[in-house]
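These are the residues of each chain, in order.
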Amino acid sequence: MAMKSVEMLESKITILGSLLFELTKKHGDTFADSAKVFTAALKSGNTVFWCGNGGSAAESSHLAVELIGRFKNNRRPLPSISLNSDTSAITCIANDFGFDEIFARQLEGLAKLGDVLVVLSTSGSSENVLRALRKAKEIGIVTIALLGKGGGQAQNLADYAIVIDSTETARIQEIHLLLGHTLCEFAEVDMGFE
């Protein structure tokens, strides 16, 4: 039984390695550009917003606190908000305006020119994520979309779209977390918080 679990782990590592290799070939320049925009916003005192559904919501919250708390080094907090974290706002908006508005409505009230929105979506098709991207464009904030399963409509709405070439939700989410951590680490290093 232990051997089967080790073989399964080795298989997942091989799959991730292959996906990451393809990702850097296909989206390396897009990732580099998005990292610069992400860091520039933080350098200017602007806020990075995050959102997603399900597991992507959990990653959204996790990544937001890497900036407001710390990633690797003790440093000043960097402005970062997960639009998934305020349950009172989410339930109020869902109740009064519908679930599709839970992110867009918060952005409308909180975001300003110069901010960045990072969306995480394994499908790129969730209506609440699409509406957040549209609202961000309306406000004039830059959007970065970490996607999978072909990218859905979100890839055409985002300023920077990185689509993981997989249909397996777990592998997509694992790579999204790696990309999010890399954005946070790049910002810390580029801002001199080494």
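Basis of the calculations
- Residues numbered from 1 in each chain as written.
- Predicted model: local features only at pLDDT ≥ 70, side-chain atom pairs only at ≥ 80, totals over all residues.
- Heavy atoms only, no water.
- Buried < 20%, exposed > 50% of the residue type's maximum accessible area, 1.4 Å probe, protein only.
- Helix = DSSP H or I, 4+ residues; strand = E, 2+ residues; numbered from the N terminus.
- Expected span 1.5 Å × (residues − 1).
- Contact = heavy atoms within 4.5 Å.
- Polar contact = N/O pair within 3.5 Å; in protein donor to acceptor, adjacent residues only side chain to side chain.
- Salt bridge = Lys/Arg side-chain N within 4 Å of Asp/Glu carboxyl O.

(A) Representation of unusual backbone geometry in the model. Located in the positive-phi region is Lys149, a residue other than glycine, with phi close to 50°. The class for Lys149 is partly exposed, based on a relative accessible area of 36%.

(B) Quick look at helix α7 (residues 169-190). End to end, α7 covers 31 Å across 22 residues, agreeing with the expected 32 Å (1.5 Å per residue, within 8%). Looking at α7, one finds that the buried residues are Arg171, Ile172, Gln173, Ile175, His176, Leu179, Gly180, Leu183, Cys184, Ala187 and Glu188. At the C-terminal side of α7, Gly192 shows a positive phi close to 85°.

(C) Broad picture of the environment of Ser121. Here Ser121 is to be found in strand β3 (residues 116-121). Taking the C-alpha atoms as reference points, Ser121 and Ala57, 64 residues apart in sequence, are found 8.9 Å from one another. With near-sequence residues (within four places) excluded, Ser121 lies in contact with Ser56, Ser126, Val129, Leu146, Leu147, Gly148 and His176. Polar side-chain contacts of Ser121 include one of 2.7 Å to the backbone nitrogen of Gly124.

(D) Molecular detail of the pattern of salt bridges. Considering all chains together, one arrives at 15 salt bridges under this definition. Arg134 is the partner of Glu127 in a salt bridge, and the nearest nitrogen-oxygen pair spans 3.4 Å. When its relative accessible area of 29% is taken as the criterion, Glu127 is described as partly exposed. Residue classification places Arg134 among the partly exposed residues on the basis of a relative accessible area of 36%.

(E) Geometry of the environment of Phe71. Here Phe71 lies in the loop between α2 (55-68) and β2 (80-82). By relative accessible area, Phe71 is classed as partly exposed at 21%. Considering only alpha carbons, one finds Phe71 and Cys184, 113 residues apart in sequence, at a separation of 6.9 Å.

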